[in-house]
Amino acid sequence: TQRKRITPISQSTSTSTSTSNALQNYLINANSVIKIFQIKNCNNFEEIFKSEKNEKQLFFQPLFCHMFFEDEEIKGFINPLIEIYYISNSLFTYIDFKYERKHSTTSGEIISNFTKYIPTHNFTCSFSHFKQKLNDEEQFTPVGHLIEEFENKSSTFEIYKGYFNDVKVEQYFRKLQIFSFFLIDAASELESDDRWIIYLLFEKENIEGKDYHNFCGYCTLYPFYYYPDLTRIRLSHFMILPFFQKRGLASKLLDRINREIENETIKINCNIYDYTVEDPTEEFSIIRTLVDVRRCLNKQLLIQPINI
């Protein structure tokens, strides 16, 4: 009698399937468990750190996390919480990671997902180290050179312009680029190239007789050669931090950049063929249209509407 051959189930396949099913309970959307706090000084830090930290005005949460987590999911933890604190001027960062429980197959280390995008000297996982840096950074001075100061709703803001051929300017950009990954869907790391131009927006506050600069946002431009002797300007990144949004600052920054380009004051010594935006979002397109219409009205390039 011919015996029926039974093919045994692979133990490794069975184990893998079982582990995969178990991990489904240890799965959560990364954007929902990350909180990012702006810290201005030691008193501000202690107040926030000791509070319930649930008030929306104290922090913002990422719109995107695909640069840090595959499918924007954190796997292997129950009730994870990632709190990112950054000093508002130097952007020195403290990352705190907590969780209720982790799966036995999970290493428990995910902070490196963030720190690989931050210069090694610009972050810590130590509470005491961060507090010390708060005192050290009181003497911070913005990089680049000041090109405009303006008032907005009883606050003072400054726009600085710099080039990547200035080491300090590029170093500061490397500190801030992690915010673009949280807020710009198509953001990616910029290659090191002296031709990059960056505009930095700061809020200037006077606290107890000292001037403090709070980073608000930035814009990067890149000049391309266009035969035979022209230049094409490409706007690459444009970002305003959530703490400073809905205050008209984006249009103010963009208007200043447009005026710089129009007056050919970018350090390239040649004519500009065109000025375009790389993958503009719907929100940016609205701001750009608003700025363009205002400039056309100011230059009387638009015909006033006629009532019939």
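Residues numbered from 1 in each chain as written. Predicted model: local features only at pLDDT ≥ 70, side-chain atom pairs only at ≥ 80, totals over all residues. Heavy atoms only, no water.

> Mind showing me how you'd approach empty space enclosed by the protein here?
Sizing a probe to match a water molecule and rolling it over the atoms shows the empty space that remains. Applying the stated criterion to the full structure yields 1 cavity of 30 Å³ or more. By volume, the largest cavity amounts to about 40 Å³. What lines the largest cavity is simply Ile 84, Tyr 86, Thr 93, Ile 95, Phe 114, Ile 118, Ile 178, Phe 179 and Phe 182. Looking at the lining of the largest cavity, the elements that each hand over two or more residues are strand S6 (81-87), strand S7 (93-98) and helix H5 (167-183). Considering each element in turn, the lining of the largest cavity owes the most residues, 3 residues, to H5. Class assignment for the residues of the lining of the largest cavity results in 8 nonpolar, 1 polar and no charged. (1 Å grid on protein atoms, 1.4 Å probe; cavity = no way out; pocket = protein on both sides within 12 Å on 5 of 7 lines; lining within 4 Å. Points joined across faces, edges and corners; volume = space filled by probe spheres on them. Helix = DSSP H or I, 4+ residues; strand = E, 2+ residues; numbered from the N terminus. Nonpolar A, V, L, I, M, F, W, Y, C, P; charged D, E, K, R; others polar.)

> When you look at the packing of helix H2 (residues 42-50) against helix H4 (residues 127-136) in this model, what are you seeing that I'm missing?
Packed helices, taken two at a time, are described by the angle their axes make and the gap between the axes. Contact geometry of H2 with H4 gives a least axis separation of 9 Å together with a crossing angle of 150°. Two secondary-structure elements touch here, H2 through Cys 42, Phe 45, Glu 46 and Phe 49 and H4 through Phe 127, Phe 130, Lys 131, Leu 134 and Asn 135. For the contact of H2 with H4, a count of residues per class yields 6 nonpolar, 1 polar and 2 charged. (Axes fitted to C-alpha atoms, helices over the stretch in contact; angles between N-to-C directions. Contact = heavy atoms within 4.5 Å.)

> Sorry, what's going on with the pairing of strand S13 (residues 210-226) here?
In regular strands, side chains alternate between the two faces of the sheet. With 12 of 17 residues buried, S13 lies mostly within the body of the structure. Strand direction decides the pairing type here: strand S12 (residues 197-207) and S13, joined by 11 bridges, are antiparallel. Bridged to Asn 206 within S13 is Asp 211. Alignment of S13 against strand S14 (residues 230-240), held across 9 bridges, turns out to be antiparallel. (Buried < 20%, exposed > 50% of the residue type's maximum accessible area, 1.4 Å probe, protein only. Pairing = 2+ DSSP bridges.)

> What should I look at first to understand the packing of aromatic side chains in this one?
Between two aromatic rings, the relevant description is the distance of the centres plus the angle of the planes. Counted by the stated rule, this structure contains 36 aromatic pairs. Plain terms: the ring middles of Phe 97 and Tyr 99 are 5.4 Å apart, the flat faces sit at 40° to each other, and that makes the pair tilted. Classification of Phe 97 as buried rests on a relative accessible area of 15%. Aromatic side chains Phe 164 and Phe 173 sit 5.4 Å apart centroid to centroid with 45° between the ring planes, which places their arrangement in the tilted category. (Phe/Tyr/Trp six-rings, centres within 6.5 Å; stacked < 30°, edge-to-face > 60°.)

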